[in-house]
Amino acid sequence: MPCCPTSVVMMSASCMSHSKVWLGLAFLMLEAMAFSVPALAQQPVETPPPAQKVPEPAPAATVDNQTEQIPSAPVAPKRITLENLRQRAENGEAGAQFQLAHRYLNGEGVTADNFIALQWFARAAEQGNPNAQYNIAVMYLNGIGVIQDNAAAVDWFRQAADNGDAQAQFTLAIILFNGQYDVPQNVPQAYKWFTLAGSAGIREAAANAVLIQEMMPPEQVEMMQQEALKWIESYESRQTHSN
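Residues numbered from 1 in each chain as written. Predicted model: local features only at pLDDT ≥ 70, side-chain atom pairs only at ≥ 80, totals over all residues. Heavy atoms only, no water.

## Some details on the overall build of the protein
Looking only at helices and strands, the protein features 10 helices and two strands. Listing each helix as α and each strand as β along the protein from the N terminus yields α-β-β-α-α-α-α-α-α-α-α-α. Buried positions account for 40% of the 243 residues belonging to the protein. Look at the contacts in the protein between residues 6 or more apart in sequence, and 64% of them connect residues 24 or more apart. (Helix = DSSP H or I, 4+ residues; strand = E, 2+ residues; numbered from the N terminus. Buried < 20%, exposed > 50% of the residue type's maximum accessible area, 1.4 Å probe, protein only. Contact = heavy atoms within 4.5 Å.)

Here it is in C-alpha cells:
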C-alpha cells in the first residue's frame, strides 16, 4: 500500500478551465460512481516483520603471493517458519500478527479460518497497524469471519484512514461523497480524503479531487486543504513519537 503523503496537492483555479459539456459529464461520472468492495491488504505498513539478513558480499579477489583468494559462499537467508511467525505474533509483534492473520485468511500453511484471521488482524489493529484496520473494515463490510456490519466497517475505514492507509482514505472518500452505509453525504470531507489519498499515489483519488473541487466554493476548498495539511502534521507527529 502507498505510504502516507508528506504533502497535499493543491489545485489552482487555472487548472480548471473545462467546458460546460466536459464539466457536465464529470458530474455525471461522479454521481454514478459506484462503490466497489475493496480488496484486502496484503502487506503491513507500520510494523512489517524484520527484514531477513542480507548475506555479506563476497570479498573482492586480491593478489597475495600470486594466489587468488576464493570468496566464501553466500549464506542463504533464514526461512520464516510458521512456528517462528506464531511466536513473534504471540509476543506482540504487529507485523507478525498481520502476516499470521493473512495466512489464516488464505489457508497458507494452516487450515483457512476467517474467524481466527479476524482475531489476529484485531490484535494488530489494536497496536495501530493501518493495514489490519483496513482489512477488518473489509471483513465487516462483507461478513467475512464476522456478522456483516456496515457501521463497524465504516468505523474501521475511518481508523485506517486516520492512521495513514491510502486505500482506506480513498474508500472513505467514496462513502462520504455518495452518502453510503447510513453515512450522511459530506462532499467537503470527501474532497479532503480524496486529496490525501491522491497525494499518497492513488490516481483515481486525485482525479476525483479535481472534479469535486469544481463543485465547491473557493473558501471551502481552502478550508479543506488546510484540514488536510493539519492531518499531515498530526500524522507526522504521531509517527515521530511512536518511533
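On we go from here.
## Quick look at the pattern of salt bridges
A side chain with one charge can pair with a side chain of the opposite charge if their charged atoms come near. Here the structure, examined in full by the defined rule, presents four salt bridges. One salt bridge in this structure joins Arg 123 and Glu 90, with 3.8 Å as the shortest N-O distance. Here Arg 123 is found in helix H4 (residues 114–126), whereas its partner Glu 90 is found in helix H2 (residues 82–90), with 33 residues between them in sequence. According to the relative accessible area criterion, Arg 123 is partly exposed, its value standing at 32%. Given a relative accessible area of 46%, Glu 90 falls into the partly exposed group. Salt-bridge contacts for Lys 192 lead to Glu 227; the nearest nitrogen and oxygen are separated by 3.6 Å. Residue Lys 192 is located in helix H8 (residues 187–199), and its partner Glu 227 is located in helix H10 (residues 218–242); the two are separated by 35 residues in the primary sequence. (Salt bridge = Lys/Arg side-chain N within 4 Å of Asp/Glu carboxyl O.)

## Comments concerning helix H3 (residues 94–106)
Over its 13 residues, H3 extends 18 Å from the first C-alpha to the last, a length consistent with the 18 Å expected when each residue adds 1.5 Å. Packing partners of the buried residues in H3 comprise H2, H4 and helix H5 (130–142). (Expected span 1.5 Å × (residues − 1).)

## Focus: the packing of aromatic side chains
This structure, assessed with the given rule, holds five aromatic pairs. An angle of 65 degrees between the planes, with centres 5.3 Å apart, marks the rings of Phe 98 and Phe 121 as edge-to-face. Taken together, the residues Phe 98 in helix H3 and Phe 121 in helix H4 connect sequence positions 23 residues apart. The buried category is assigned to Phe 121, whose relative accessible area is 0%. Here the aromatic cluster, defined as three or more aromatic residues joined through ring pairs, consists of Trp 193, Trp 231 and Tyr 235. (Phe/Tyr/Trp six-rings, centres within 6.5 Å; stacked < 30°, edge-to-face > 60°.)

## Focus on the environment of Thr 171
With respect to the helices, strands and loops of the structure, Thr 171 is situated in helix H7 (residues 166–178). By relative accessible area, Thr 171 is classed as buried at 3%.

## Observations regarding unusual backbone geometry
Even without glycine at this site, Tyr 181 takes up a positive phi of about 55 degrees. For Tyr 181, the position within the fold is in the loop between H7 and H8.

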